[in-house]
Amino acid sequence: MNNHNLTTEQVQALRDQCLAAREYAYAPYSKFRVGCAILTKAGSIVTGANVENASYGAGICAERTAITRCVMEGQKELQAIAISSDMADCVSPCGICRQFIREFAPKVPVLMFSGQSDKMVCHTLEELLPLSFGPEHLH
Ligand code: THU
């Protein structure tokens, strides 16, 4: 049973594109490349990769790079988010990225792919960030 309602073709495209996006990672410090692919409600796929900095804390994760690109393309409604690193384990989004995803896609499925096999783990954002704080709590 799936906890997403994506087609096999959509999952495949998300996998291909998040793996490909790793090529654009700028990760000279951690050497840990991450790629992200986002399926927007409009049906397009927007990618991102982590971009590190000599001032380590200034680096940004792949997920936030991709979401920022979506926002700048006027696509704030997101259908699914996919990520992968080069590792065998399925990479899990960090806490800041979970909160960043929460802003635009509180119920979105997050597909985590292995960087070395066809293994995939999928959790909804609600599962990854329960009892979350969002825009509606500000008023
Ligand atoms: N990173 C991501 O881009 N996404 C994640 O989900 C986990 C961590 C990046 C941040 C940093 O550039 C490198 O991976 C090591 O933490």
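- Per an unreviewed UniProt entry, the chain goes by Cytidine deaminase and derives from Candidozyma auris.
- A UniProt comment under Function (unreviewed entry) is attached to the chain, and it reads "This enzyme scavenges exogenous and endogenous cytidine and 2'-deoxycytidine for UMP synthesis."
- Quoted verbatim from the Sequence similarities (unreviewed entry) field of UniProt, the annotation for the chain is "Belongs to the cytidine and deoxycytidylate deaminase family."

Observations concerning the UniProt feature "binding site: Zn(2+)" (unreviewed entry) in the chain
- Mapped onto this numbering, the UniProt entry gives "binding site: Zn(2+)" (unreviewed entry) at Cys61, Cys94 and Cys97. Spanning 37 residues, the annotated positions come together in the fold, the maximum distance between their C-alpha atoms being 8.4 Å.
- Mapped onto the fold, Cys94 is located in the loop between strand E3 (78-84) and helix H3 (95-104).
- Those residues within four positions of Cys94 in sequence are excluded, and the remaining contacts are Cys61, Glu63 and Arg64.
- If you trace the backbone, Cys97 turns up in helix H3.

So, the UniProt feature "active site" (unreviewed entry) in the chain
- Here, UniProt's "active site" (unreviewed entry) annotation points to Glu63.
- Position of Glu63 among the secondary structure elements: in helix H2 (residues 62-72).
- With sequence-adjacent residues up to four places away left out, Glu63 is seen in contact with Cys36, Ile83, Pro93, Cys94 and Cys97.

Considerations on the packing of aromatic side chains
- Applying the stated rule across the entire model yields 2 aromatic pairs.
- Each ring, one from Tyr29 and one from Tyr56, has its centre 5.4 Å from the other, and the planes form 40°; the classification is tilted. With Tyr29 in the loop between helix H1 (8-21) and strand E1 (35-40) and Tyr56 in the loop between strand E2 (45-49) and H2, the pair connects residues that are 27 residues apart, well separated along the chain.
- Here Tyr29 falls in the partly exposed class, since its relative accessible area comes to 39%.
- When its relative accessible area of 65% is taken as the criterion, Tyr56 is described as exposed.

Things to note about H1
- Taking 1.5 Å of rise per residue, 14 residues should cover 20 Å, and H1 covers 20 Å from first to last C-alpha, within 8% of that figure.
- Of all the positions in H1, only Val11, Leu14, Arg15, Cys18, Leu19 and Ala21 are classed as buried. Looking straight down H1, one finds its buried side chains confined to an arc of 160°; they lie on one side.

Scoring rules and cut-offs
- Here the residue numbers are simple positions, counted from 1 along each chain's written sequence.
- Side-chain atom pairs in this predicted model are given and counted only at pLDDT of 80 or more, local residue features only at pLDDT of at least 70, and totals for whole chains, interfaces and linings cover all residues.
- By convention in this description, side-chain values take in all heavy atoms of the structure and omit both hydrogens and water.
- UniProt positions are given in the numbering used here, feature names are shortened, and annotations may be inferred rather than shown by experiment.
- A run of H or I in DSSP becomes a helix once it reaches four residues, and a run of E becomes a strand once it reaches two; helices and strands are each numbered from the N terminus.
- Two residues form a contact once any of their heavy atoms are found within 4.5 Å.
- Aromatic pairing here means that ring centres of Phe, Tyr or Trp (its six-membered ring) are within 6.5 Å. Orientation follows from the plane angle: under 30 degrees is stacked, over 60 is edge-to-face, and everything else is tilted.
- Partly exposed residues are those whose accessible area sits between 20% and 50% of the maximum for their type, while under 20% is buried and over 50% is exposed, using a 1.4 Å probe and protein chains only.
- The span you would expect from a helix comes to 1.5 Å times its residue count less one.
- What the arc measures is the spread of directions leading from the helix axis to the C-beta atoms.

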